[in-house]
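Observations on chain architecture
One-letter residues, chain by chain:
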Amino acid sequence: MTSNIQKTSGNLGYSGEKVTSLQNLQSSVEWHIPEHRATCLWDAFSDLLCDRAMILAMNSSFIDPSLQFASQLKIIKSSFKKVFSIPSLEKIRKLGNSEAEKEDLENLYQNILNTYENTLLILVSEDLYKLQILKDLVVWMNEDSSYLQERVMVIISRVLSFASRKVRGHASVEVPCLGVLAAELSLLCCHSDLSVAQQASVGMHHLLCIAKHQNRDTEKHKPMKYEKHRNYSLLSPSSLLQNRAKIAQSVGQTLMPSLLTDFTWSLLMTFSSPDYVTAFNASTILKLTLEYYAHKVTTVCKIVDAIYKQLHKNPSHVMRRAMLQVITLLTRDSPKAIFQLMGYPVPADNTLVLIWHAAYSESSVALHVLKKILLILKGKPGKMHESLLDKRRFSLHRTDMMPVAASQALCTLLPLGSYKKAVAQFFPQLLMALMVQLFYISDLRKMAEDMPCYAQNALQVLLNCSGLQQVNIVLTKKNCWNEFSNELLQHHGIYLIAKTLSDFNFPQFPETLHYLYKLSVEGPRQSEESVITVIFLTELLNHFFKDPFPEEFLVLFRNWVNDSNPTVSELSLKKIANMAPVINEIENVCSLLICILDAFLSKDETVVMWALLTLRKLLDKLDKLTYSSLCTRIASSYSPLMYHSNEDIRSTAIQHFGELLRDMSLYTWMLEGVVLRSLVALILFLEDTEISVVKACKHTLAVCAPGVNWSISYLLKDKYYNFELVVLNLCNNLLVSHEKYIKHLISDTLGFLRSSQVHLRKASIILIGYLAKLGEHLLFKEETEVLLEAIDRVVRDEDPMIRELAKITRNVFQERTHRPTFSNVKQTFQRLFCCIYVKKMKPLYYYNWPDNLARSPAKMKETKGDKEGLTDETYEYAL
């Protein structure tokens, strides 16, 4: 009877013949089982054979593989429920009234199970990918405890045994489901039913054999510290039985990274199982595995994010502690996870703070964590991503807030005892980074007033954790922390921190000084960091060193004078100015002064002004020998600034130029050329609308008058001042003593004819008229024509006064051009005669002419000359 049943089932199964009814099956065999006693078995067997025929038919078709597998899996699941929901063998045997009936019932029972098993073997024999059906078998088995779990496990272990033998003949094997299946079997190895656990252990052994064959070329992924495991041998099934540590070791050693990642995910999902024992076993196995093989897991960030979401949804999760321990193990060797945990919305919620503790609290990772946080703190919070730059409305959710999260994380981590050594090592870096963040946050609060200031909190925590509690107390009393919210007082806040630390002789001074020096030398730096570095370093040096600073620090200030950040330049110049009393003790004082002169070219007006003031302060104390060696270069540097658009810079440059001439009165011969090249500016700006510029010009002209043989400086006094008289007298003296410069002065004056300022155009017309009149014998006809063309353009000026003055000047040039042309010899003789006999000119323009000129010194002197018979007003000078 038994052989007939087995033969029939085999023929029906492999031939694909469709069995449509119980009667057909019964008629094909000889049996002794009453139909009414074994209906469930016959129904299950009949349905199984039908399902088997359909499954194998699909296997031979050309259906899309994914669709084929989905259809086969659906049928296999239907068969599973029918096969494993039949009563146990003991109950089946009780249905027979005789030993023969009982034997036939048992054989039919076994035949049903064998047929299901054979179907799976056929599928796996053709495609190892279909081993993932076994994973579904375990899932279905766990859904209902009434299923014959031991028998299911027997089938699974046999299929895995067959597959492990099959892979030995393949050069390469790809079975992507091994990780998830290993997770399911690892839990079943700890099953309370010993028979189920034994079969699971056998199945796990065969699975690891498959995985080891698949993993032959990936042995290099194993950690070097476990070198003894590189040539490991698989443990026997008995060693895996209810031994979580051995299971974890074998899985971690054998599974390749992608499979171990799947293994991790699967066990992690089991943490939410309603069965606490199962969840506990999953957590234990996973923790034991990750203890040594966490580095092989490839999706750490996704796993951490999944745990965060789970705990955020259910903060009192029964497996919360286990989840946090998993994070601890996973993040030890995962730098990406550190950045990921700083990317959540700020402020961080309690769940994220818990995860920070779990991920970063161990002393072994403290240094690594602080390094990554310092990298994050280099960023500027609130900076919008490139894809969002076109958005008009500001939103913190669309910006990079990682630096804010990193500051909050420091508030959590720095007080931990495990961070004590790391904090001591990174104190200077943390101090500077947090002060930079204070600057950034103050800017961000302008757009988001409710933005928390974790950088300030972290800085205070840093001070307290570094034994500087008293510094924190004093800074609080001085209202230091509130100053960072005021943009005008931010720099003073940095100064207070540096000064207070210095006042308490903080023990971290050497490391801090070294780090600041390193920051200063390395560059380039962010703008805010540069400013903080200069302020902090300056205050530390002021407290611990006397002026002048050591050369290695002084060179920094010298370089900062021309820094791209105007604030840095300004701070450096202020410090250098304070060194004036010891300027002569500096070794390379000349290079320092030249750097300051280079700052005259800065585009920032504040820097230029500070450069002028600093230079003047240093020159007051500089020894005369060094001063004289640089005086010409310094004087030449003042000249361009006399034309500066900023009236304060213009007046200061002119004033300081005069002071330099006064200082170098013994070296007038060295400065004669610079003085004459600056005369145009000094004369024209006498008509400046700014009183400070006018006063500076009068002061400087009075100082340089002796150098140009100009003895009537009384005309510059307010009582007698008249611009045209000053120009007239000065030109008369220039013609006598510095005739060769007249053409240069004319050229310099021409540029002002196109000035946008009316007073400069007026003054330049008057000056060029007198220069041309007195030096007409020096000008060639072609040069006169060029000048006349320039004046013709001014005659059409919109200002009526300028037009009138331009007409007078044009007449001067026209007189020159209408004169007959002489031969070269006659022209040369004429110029020589004009050099010997100089005619004193009378006023041409009567511009702003005083009403009572008779009371002026000039008029009194002219009257005296008339009485002495000099009515032709001609003066003869011997050259």
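Residues numbered from 1 in each chain as written. Predicted model: local features only at pLDDT ≥ 70, side-chain atom pairs only at ≥ 80, totals over all residues. Heavy atoms only, no water.

1. Focus on the overall build of the protein chain
Of regular secondary structure, the protein chain possesses 43 helices and four strands. Considering the protein chain as a whole, with its 879 residues, one finds that 53% of them fall into the buried category. For the protein chain, long-range pairs separated by at least 24 residues make up 72% of all intrachain contacts whose partners lie at least 6 apart in sequence. Total accessible area on the protein chain stands at roughly 41100 Å², and carbon and sulfur atoms take up 52% of it. (Helix = DSSP H or I, 4+ residues; strand = E, 2+ residues; numbered from the N terminus. Buried < 20%, exposed > 50% of the residue type's maximum accessible area, 1.4 Å probe, protein only. Contact = heavy atoms within 4.5 Å. Areas by Shrake-Rupley, 256 points an atom, 1.4 Å probe, with all protein chains shown as cover.)

2. A word on unusual backbone geometry
The omega angle of the peptide bond from Val 346 to Pro 347 is -5°, so this bond is cis rather than trans. Mapping Pro 347 onto the fold places it in the loop between α17 (335-340) and α18 (350-360). The peptide bond linking Asp 547 to Pro 548 adopts the cis configuration, its omega dihedral lying at -5°. With respect to the secondary-structure elements, Pro 548 resides in the loop between α28 (527-544) and α29 (551-560). For Asn 505, which is not glycine, the phi torsion reads 45° and is therefore positive. Following the sequence through the fold, Asn 505 ends up in the loop between α26 (490-503) and α27 (509-522).

3. Things to note about the nonpolar core
Core analysis: the largest hydrophobic core is formed by 285 residues, its most contacted members being Tyr 116, Leu 131 and Tyr 638. Top element by residues in this core is helix α22 (residues 427-444). It accounts for 13 residues. Apart from residues no more than four positions distant in its own chain, Tyr 638 is found in contact with Phe 600, Leu 612, Leu 615, Leu 619, Ala 653, His 656, Phe 657 and Leu 660. (Core = buried A, V, L, I, M, F, W, Y, C linked by side-chain atoms within 4.5 Å.)

4. Side note on the pattern of salt bridges
Evaluated as defined, the whole model comprises 19 salt bridges. Put simply, Arg 151 and Glu 117 hold a salt bridge, and the shortest N to O gap is 4.0 Å. On the criterion of sequence distance, the pair formed by Arg 151 in helix α8 (residues 149-166) and Glu 117 in helix α6 (residues 99-126) is long-range, its members being 34 residues apart. Like Arg 151, the residue Glu 117 is buried in the burial classification. With its nearest N and O atoms 3.0 Å apart, the salt bridge here joins Glu 551 to Arg 558. Residue class for Arg 558 comes out buried when judged on its relative accessible area of 8%. (Salt bridge = Lys/Arg side-chain N within 4 Å of Asp/Glu carboxyl O.)

5. Remarks on helix α14 (residues 276-293)
Relative to the 26 Å expected for 18 residues at 1.5 Å per residue, α14 spans 25 Å between its end C-alpha atoms, a close match to the ideal helical length. Inspection of α14 places Ala 279, Asn 281, Ala 282, Ser 283, Thr 284, Ile 285, Leu 286, Thr 289, Leu 290 and Tyr 293 among the buried residues, and these make up the whole buried set. Next to the buried residues of α14 lie α9 (178-188), α12 (244-254), α13 (257-270) and α16 (320-330). Where α14 starts, the residue carrying a side-chain oxygen 3.2 Å from the main-chain nitrogen of Val 277 turns out to be Asp 275. (Expected span 1.5 Å × (residues − 1). Polar contact = N/O pair within 3.5 Å; in protein donor to acceptor, adjacent residues only side chain to side chain.)

6. Side note on helix α32 (residues 605-621)
The end-to-end C-alpha distance of α32, which contains 17 residues, comes to 25 Å, matching closely the 24 Å that a straight helix rising 1.5 Å per residue would cover. Within α32 the residues assigned to the buried category are Val 607, Val 608, Met 609, Ala 611, Leu 612, Thr 614, Leu 615, Arg 616, Leu 618 and Leu 619. Looking at the packing, one finds that the buried side of α32 touches α30 (566-578), α31 (589-598), α33 (624-641) and α34 (647-663). Of the residues that open α32, the one with a side-chain oxygen 3.1 Å from the backbone nitrogen of Thr 606 is Asp 604.

7. Some points on the packing of aromatic side chains
Summed over all chains, the structure comprises 18 aromatic pairs. In this arrangement the basic side chain of Lys 698 is found over the ring face of Tyr 721, its NZ or CZ atom lying 4.3 Å from the centre. (Phe/Tyr/Trp six-rings, centres within 6.5 Å; stacked < 30°, edge-to-face > 60°. Lys NZ or Arg CZ within 6 Å of the ring centre and 35° of its normal.)

8. Some words on the confidence of the model for the protein chain
Summarising the model, the protein chain shows a mean pLDDT of 82, and 83% of its residues fall at 70 or more. For residues 1-31, every residue scores under 50 in pLDDT, and the model assigns this stretch 45 contacts once sequence neighbours within four places are set aside. A low-confidence stretch, residues 385-398 (pLDDT under 50), is modelled with 17 contacts involving residues beyond four sequence positions or located in other chains. (pLDDT = per-residue confidence, 0-100.)

9. Thoughts on the environment of Ser 485
With respect to the element layout, Ser 485 can be found in the loop between α25 (480-483) and α26. Of the residues examined, Ser 485 reaches a relative accessible area of 54% and is grouped as exposed. Each C-alpha atom of the pair Ser 485 and Ser 442 lies 5.3 Å from the other, and the pair is 43 residues apart in sequence.

10. Some words on the packing of α34 against helix α36 (residues 691-704)
Contact geometry for α34 and α36: axes closest at 8 Å, N-to-C directions at 15°. What the angle tells us is that α34 and α36 run roughly parallel. Relative to α36, α34 is oriented so that their crossing is left-handed. Residue-level inspection shows Glu 647, Arg 650, Ser 651, Ile 654, Gln 655, Phe 657, Gly 658, Glu 659, Leu 661 and Arg 662 of α34 in contact with α36, the latter providing Ser 692, Val 693, Ala 696, Cys 697, His 699, Thr 700, Val 703 and Cys 704. (Axes fitted to C-alpha atoms, helices over the stretch in contact; angles between N-to-C directions. Parallel < 35°, antiparallel > 145°, perpendicular 65-115°, else oblique. Left-handed = near helix turned anticlockwise from the far one by under 90°.)

11. A few points about a nonpolar patch on the surface
Where nonpolar side chains cluster on the molecular surface, the patch consists of Tyr 276, Phe 280 and Val 318 and spans about 310 Å² of accessible area. Here Val 318 is to be found in the loop between α15 (300-313) and α16. When its relative accessible area of 60% is taken as the criterion, Val 318 is described as exposed. (Patch = residues over 30% accessible without salt bridge, like charges linked within 9 Å, V, L, I, M, F, W, Y side chains within 5 Å.)

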